[in-house]
Amino acid sequence: MNKKKGIVITSTIITTIILIVICFIVFNISPYDLYGGDRCPKCKSTNVGTFFYGEYDPEFEDSITLAKVEEGVLIPGGCVIDDDSPKYRCNDCSFMWGKY
Ligand SMILES: [Zn+2]
């Protein structure tokens, strides 16, 4: 590999990294948002619950939903979704991440 080719490859990699960082800042996403809901990005626990938003009334929910809420699989997140509403919560370390 000649020197010129090496410089081109290096600058391409640097440009790509800069673009990714800009995307994270502009779209306000944290690297944790890239994680799915099957594993906690902090403690690696698989005991992860998913938030759900909208009306939740324990008196009128069906038994499946109630059981999932009690197990921590589903977490009532309230009626309103805003930009900071998390999607997942770790039931072991309480870390919250993800976006709706
Ligand atoms: Zn955790």
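Calculation criteria
Residues numbered from 1 in each chain as written. Predicted model: local features only at pLDDT ≥ 70, side-chain atom pairs only at ≥ 80, totals over all residues. Helix = DSSP H or I, 4+ residues; strand = E, 2+ residues; numbered from the N terminus. Rg over C-alpha atoms; globule rule 2.2 N^0.38 Å. Buried ≥ 20, exposed ≤ 12 C-beta atoms within 10 Å, placed from the backbone. Contact = placed C-beta atoms within 7 Å. Domains from an automatic or database assignment. Core = buried A, V, L, I, M, F, W, Y, C linked by C-beta atoms within 7 Å.

A.B. asks: For this particular structure, what's the right way to read the overall build of the protein?
C.D. replies: Within the protein, the regular secondary structure consists of 2 helices and 4 strands. Going from the N terminus to the C terminus, the protein shows its helices and strands as α-β-α-β-β-β. Relative to the 2.2 N^0.38 estimate, which gives 13 Å for 100 residues, the radius of gyration of the protein is 20 Å and therefore markedly larger than a compact globule would have. Counting only C-alpha atoms, the protein reaches 70 × 25 × 20 Å along its principal axes. Each of the 100 residues in the protein was classed as buried or not, and the buried ones make up 9%. Across the protein, contacts joining residues at least 24 apart in sequence account for 63% of those joining residues at least 6 apart.

A.B. asks: What's the story with the domain arrangement of the protein in this structure? I'm lost.
C.D. replies: A common way to express how large an interface is: the accessible area buried when the components associate. The assigned domain composition of the protein is domain 1 (1–31) and domain 2 (35–100). Of note, the centres of domain 1 and domain 2, computed from C-alpha atoms alone, are 35 Å apart.

A.B. asks: What am I meant to see in the nonpolar core here?
C.D. replies: Side chains of nonpolar character tend, in soluble globular proteins, to be buried together. Grouped together as the largest cluster of nonpolar side chains are 5 residues: Cys40, Val48, Tyr88, Cys90 and Trp97. Residues within four places of Tyr88 in sequence aside, it is in contact with Gly37, Val48, Gly49, Thr50, Met96, Trp97 and Gly98.

A.B. asks: What exactly am I supposed to notice about the environment of Glu71 here?
C.D. replies: For Glu71, the location among the structural elements is in helix H2 (residues 63–71). The exposed category is assigned to Glu71, around which 11 C-beta atoms lie within 10 Å. As a C-alpha pair, Glu71 and Ile20 span 51 residues in sequence and 37 Å in three-dimensional space.

A.B. asks: Honestly, unusual backbone geometry in this entry has me stumped. Any pointers?
C.D. replies: Leave glycine aside and you will find that most residues have negative phi; peptide bonds, for their part, are mostly trans. In this model, Lys44 sits at a positive phi of 65°, which is unusual for a non-glycine residue. Phi is positive for Ser94, close to 65°, though the residue is something other than glycine. As for its placement among the helices and strands, Ser94 is situated in the loop between strand S3 (88–90) and strand S4 (96–97).

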